[in-house]
There are 2 protein chains.
Amino acid sequence: MSHKLCMIPGPVEFDPHVLDAMATPATSHVDPAFINAFGSAIELTRQVFLSPTGQPIIVSGSGTLTWDMTASNLIEPGEKALVINTGIFGNWFAECLQVYGAKVTQLTAPFGDQPSIDAIKQALKNDQFKLITITHVDTSTGVLVNVQKVAQAVKEVSPNTLIAVDGVCSVAAEEIRMDEWGLDVVMTASQKAIGVPPGLALMVVSQRALTAFKSRKAAPTTYFGSFAKWIPIMQKYEARQPSYFATPPVQLILALETSLKQLVDRGMDLRFKKHIDASDKVKAAIERMGLKLVPVKREYAANTLSAVYYPENVAPADFLKCFTAAGVVVAGGLHPDYNTKYFRIGHMNVSATEPENGHLDKVIAAMESAVKSTKVA
Amino acid sequence: MSHKLCMIPGPVEFDPHVLDAMATPATSHVDPAFINAFGSAIELTRQVFLSPTGQPIIVSGSGTLTWDMTASNLIEPGEKALVINTGIFGNWFAECLQVYGAKVTQLTAPFGDQPSIDAIKQALKNDQFKLITITHVDTSTGVLVNVQKVAQAVKEVSPNTLIAVDGVCSVAAEEIRMDEWGLDVVMTASQKAIGVPPGLALMVVSQRALTAFKSRKAAPTTYFGSFAKWIPIMQKYEARQPSYFATPPVQLILALETSLKQLVDRGMDLRFKKHIDASDKVKAAIERMGLKLVPVKREYAANTLSAVYYPENVAPADFLKCFTAAGVVVAGGLHPDYNTKYFRIGHMNVSATEPENGHLDKVIAAMESAVKSTKVA
């Protein structure tokens, strides 16, 4: 398979040492060297999520599985959840919560917009919610929610409500300070800013959420996603002891430890800043070319991707073929009502943190040629 | 991490081309080349499971997740399931079924033994079961169940009962002819005889089981494991069309396609025979050394692993250190009541099918030195 530069909002381009770890020969899941690497990955996860007190859970799966784990373990049938919906991933998280019996209220913003803090406060006053979910960056719209402000609002109006953040397209790129902001669950997947091929579901759960979990009345209807099964396993690996519930994905965990070590060594604050710089560079180019972002305000636009409307009267296929010609892969729209109206460029991980590799320049040049070649005379 | 020969019952040793595929650089999950590889992997899965009519489902996860998917999609709360229990994986599958509301009856054999066909028939006469589960090879005991005979008994006594086979430690090594034997669900994971690093849950579901699924009254309480979500995705990839529910583990799927292609090209019948030959070689050595297998009859012993009692009055640590000294990794016991009584040697995938690589000779030599050095005078 010949390689094309992968500038979609995940999977992202990977560091070569991370890819090397993926090809590690067969290794027992209870080999001392692997136990040590998994234990280290768990510790590093806490540092990346800025949650010294949280409980990391790392399992085979995708970001979607972390929704199931949140919904099944933290919600009992009939309990209420408030979903801050800024795109299709909000719709889907709401659907997932309902599967596990939650009564869901959605605050849904128009395409590219987000609910105001006042609207969120009002919703929290109108009803008593066990859980609020926030999609930090909705990958379908490129909308970034100010999680810190939403969390403050929740603490102010409904302090007992658990705060769950879908950080699939944000963790390890957008600033997120789990403990400081008082978040209860932060979820992500490996193939985005964490910088590891797809196949891992990662989450950190607060002690407060674990207390809520332990005091539930009905048993959760999940086995593979059970906190009660996984947390002792995580604790054992972290204590560098062998343990078994289901076979961990050895190679992906080794790749994860390799990537997290790089992230933490280089510093999270610098990493956040580099993602802002990369995003600024791409968005400046978008503006220069007269293109329009999907997020309705500049401060609503994520730093991990840019969702951009096609120029008017231009066929998506004509526009996108210029990227193909340049050997760059970008993503189409991912929202049933607007699929053909916009495209998405991912700028995460090495593409953002090592601009000297030219990934940003290459995707900007491809976009420039797409704009020029499709210009309506 | 220095490599030790991995002779445990999964993860197994991998073919170098499979490991190379694990290190494939970032690739979009809707890249035409990837769509084609995933489509091909789905088609090849049918050939490996010998199920021309079944529906393959391949997702990020482990073998355990396939239990959840079977239990949540095919059992409604209150429906009855019969578990043929030949080891700890039987206990756990029963627990998983109960989590999703099944009323479970277990036919539990003593350690190393298995329920007789007559006992199974009697249980099926005593009650009406929606589903029967069979662990083809229980990795904790090394006991092999004759799935064909059990399936015949089910067809004879209770033809409407769905037959679900946990083939985690059997598929692609032990003979299993899904369609011919009339099986409804066959489950496995990537890290055993399929020959791919851990991280994939694989299953094939019969059209009969899908009909049962479609006629259920209550919605399943699973989102990530939902047949209704995944089957359209599998059908799209097989039709070589892009589709999205959750990001597939691109590198693992590429590794899977690489491995399955090798398996199918070389022929499944030859593969089954090579696993028997490898097992015979290891078991002949075990017998020659005066050691005793855990399975109570030779015909109950799996071809994918050998579960072997330590010599009497020998400390496990003393025995196992000879393997460590030889650079070979084997597994301890995995059954709470017998943990310290036995060990397990896996002989799957390239270790079985390419005996010229010397894996079997190496593990046999290590066992020989362990027996000699721990011999009580």
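Only a predicted model underlies this, so the values are computations on that prediction, with no experimental measurement involved.

**Notes on the relation of the copies chain B and chain A**
For the match of chain B to chain A, the screw axis carries a shift of 0.0 Å, the RMSD comes to 0.0 Å, and the turn is 180 degrees. Taken together, these values place the two copies in the relation of a two-fold axis. The share of interface residues of chain B whose copies in chain A are also at the interface is 100%, consistent with both copies meeting through the same surface.

**As for helix H3 (residues 63–74) of chain A**
Helical geometry note: an α-helix holds 3.6 residues per turn, so side chains three or four residues apart project in the same direction. Residue and element names in this part refer to chain A. Taking 1.5 Å per residue, 12 residues should reach 16 Å; H3 reaches 17 Å between its end C-alpha atoms and fits that length. Of all 12 residues in H3, 12 are buried; the element is thus mostly enclosed. Here H3 has its buried residues at Gly63, Thr64, Leu65, Thr66, Trp67, Asp68, Met69, Thr70, Ala71, Ser72, Asn73 and Leu74.

**So, the interface of chain B and chain A**
Buried accessible area, meaning the area lost when the parts come together, often serves as the stated size of an interface. In this assembly, 56 residues from chain B lie in contact with 57 residues from chain A. Summing both partners gives a buried area of about 4400 Å² for chain B against chain A, and 68% of it is carried by carbon and sulfur. The tally of links from chain B across to chain A stands at 4 salt bridges. Between Asp31(A) and Lys4(B) there is a salt bridge, with the nearest N and O atoms lying 2.8 Å from each other. For the pair chain B and chain A, the number of links is 14 residue pairs in polar contact (both at pLDDT 80 or more). Of all the secondary structure elements, the ones that give two or more residues to the side of chain B that touches chain A are helix H1 (16–22), helix H2 (32–48), helix H3 (63–74), helix H4 (88–99) and helix H10 (250–266) of chain B. With 5 residues, H4(B) is the single largest residue contributor to the side of chain B that touches chain A. For the side of chain B that touches chain A, the residue count by class is 34 nonpolar, 16 polar and 6 charged.

**Considerations on the pairing of strand S4 (residues 103–108) of chain B**
Taken residue by residue, a regular strand's side chains alternate between the two faces of the sheet. Residue and element names in this part refer to chain B. Examined bridge by bridge, strand S3 (residues 80–85) and S4 share 6 bridges and lie parallel to one another. Residue pairing across strands places asparagine 85 opposite threonine 108, the latter belonging to S4. For the crossover from S3 across H4 to S4, the handedness is right-handed.

**Considerations on the state of the cysteines**
Counted according to the given criterion, the structure contains 0 disulfides over all chains. Cys96(A) takes part in no disulfide bond, and the closest cysteine sulfur, belonging to Cys96(B), lies 17 Å away. Looking at the unpaired Cys6(B), the closest cysteine sulfur is the one in Cys169(B), lying at 13 Å.

**As for the packing of aromatic side chains**
As enumerated under the stated definition, the model contains 42 aromatic pairs over all chains in all. Taking the centre distance of 5.1 Å and the plane angle of 45 degrees together, the rings of Phe319(A) and Phe343(A) count as tilted. Here Phe319(A) is found in helix H12 (residues 316–325), whereas its partner Phe343(A) is found in strand S14 (residues 342–346), with 24 residues between them in sequence. The burial state of Phe319(A) is the same as that of Phe343(A); both residues are buried. Ring geometry for Phe38(B) against Tyr237(B): centres 4.5 Å apart, planes inclined by 40 degrees, an arrangement best described as tilted.

**Here's the deal with the domain arrangement of chain A**
All names here are of chain A. Domain assignment breaks chain A into domain 1 (5–11 + 267–374) and domain 2 (16–265). Using C-alpha coordinates to define each centre, domain 1 is positioned 26 Å away from domain 2. The interface is formed by 29 residues belonging to domain 1 together with 32 residues belonging to domain 2. The contact between domain 1 and domain 2 buries some 2500 Å² in all, and 63% of this surface belongs to carbon and sulfur atoms. The largest contributions to the domain 1 side of the interface with domain 2 come from Met268, Phe272 and Tyr300, which together make up 24% of the buried area. Counting every contact that joins domain 1 to domain 2 gives 1 salt bridge.

**Notes on helix H8 (residues 207–214) of chain B**
Residue and element names in this part refer to chain B. Inspection of H8 places Ala209, Leu210, Ala212 and Phe213 among the buried residues, and these make up the whole buried set. Axial view of H8: buried residues confined to an arc of 155 degrees, hence all on one face. The exposed set on the far side of H8, more than 90 degrees from its buried face, consists of Thr211 and Lys214. Those residues of H8 hidden inside the fold are in contact with strand S2 (55–60), H3, strand S8 (162–166), strand S10 (200–205) and helix H9 (227–238).

**Describing the pattern of salt bridges**
The full count for this structure, using the stated rule, is 32 salt bridges over all chains. Notably, a salt bridge pairs Arg240(A) with Glu43(A), separated by 3.2 Å at the nearest N-O pair. One end of the pair, Arg240(A), is in the loop between helix H9 (227–238) and helix H10 (250–266); the other, Glu43(A), is in helix H2 (residues 32–48), with 197 residues separating them in the sequence. Using a relative accessible area of 31% as the deciding quantity, one classes Glu43(A) as partly exposed. The closest approach of N and O atoms between Lys281(B) and Asp361(B), which form a salt bridge, is 2.8 Å. A residue pair is termed long-range when its members are at least 10 positions apart, and Lys281(B) in helix H11 (residues 268–288) and Asp361(B) in helix H14 (residues 359–374) qualify at 80 residues. The class for Lys281(B) is partly exposed, based on a relative accessible area of 35%.

**Observations concerning the UniProt feature "domain: Aminotransferase class V" (unreviewed entry) in chain A**
If you check UniProt for "domain: Aminotransferase class V" (unreviewed entry), the listed places come out as residues 27–335 of chain A in our numbering. Taken end to end, residues 27–335 of chain A is 43% helix and 17% strand, and its two terminal C-alpha atoms sit 41 Å from one another.

**Looking at the sheet that holds strand S5 (residues 131–135) of chain B**
Residue and element names in this part refer to chain B. A sheet is described by the order of its strands in space; here 7 strands give the open sequence S2-S10-S9-S8-S5-S3-S4, paired in mixed fashion. Of all strands in the sheet, those bounded by a partner on one side alone are S2 and S4. Neighbouring strand axes in the sheet, compared pairwise and without regard to direction, differ in orientation by 20 degrees on average. Two elements, S3 and S5, share 4 bridges in a ladder whose sense is parallel. Within S5, the residue paired with valine 83 across the bridge is threonine 133. With respect to the sheet, H10 is in contact with S2 and S10, its orientation differing from that of S10 by roughly 60 degrees.

Cut-offs applied
- Residues numbered from 1 in each chain as written.
- Chains lettered and ligands numbered in written order.
- Predicted model: local features only at pLDDT ≥ 70, side-chain atom pairs only at ≥ 80, totals over all residues.
- Heavy atoms only, no water.
- Least-squares fit on C-alpha atoms with pLDDT ≥ 70 in both.
- Contact = heavy atoms within 4.5 Å.
- Helix = DSSP H or I, 4+ residues; strand = E, 2+ residues; numbered from the N terminus.
- Expected span 1.5 Å × (residues − 1).
- Buried < 20%, exposed > 50% of the residue type's maximum accessible area, 1.4 Å probe, protein only.
- Buried area = accessible area lost by both parts, 1.4 Å probe.
- Salt bridge = Lys/Arg side-chain N within 4 Å of Asp/Glu carboxyl O.
- Polar contact = N/O pair within 3.5 Å; in protein donor to acceptor, adjacent residues only side chain to side chain.
- Nonpolar A, V, L, I, M, F, W, Y, C, P; charged D, E, K, R; others polar.
- Pairing = 2+ DSSP bridges.
- Right-handed = clockwise from strand over helix to strand, strands pointing away.
- Disulfide = S-S within 2.5 Å.
- Phe/Tyr/Trp six-rings, centres within 6.5 Å; stacked < 30°, edge-to-face > 60°.
- Domains from an automatic or database assignment.
- Arc of directions from axis to C-beta.
- UniProt positions renumbered as here; feature names shortened; annotations may be inferred.
- Axes fitted to C-alpha atoms, helices over the stretch in contact; angles between N-to-C directions.

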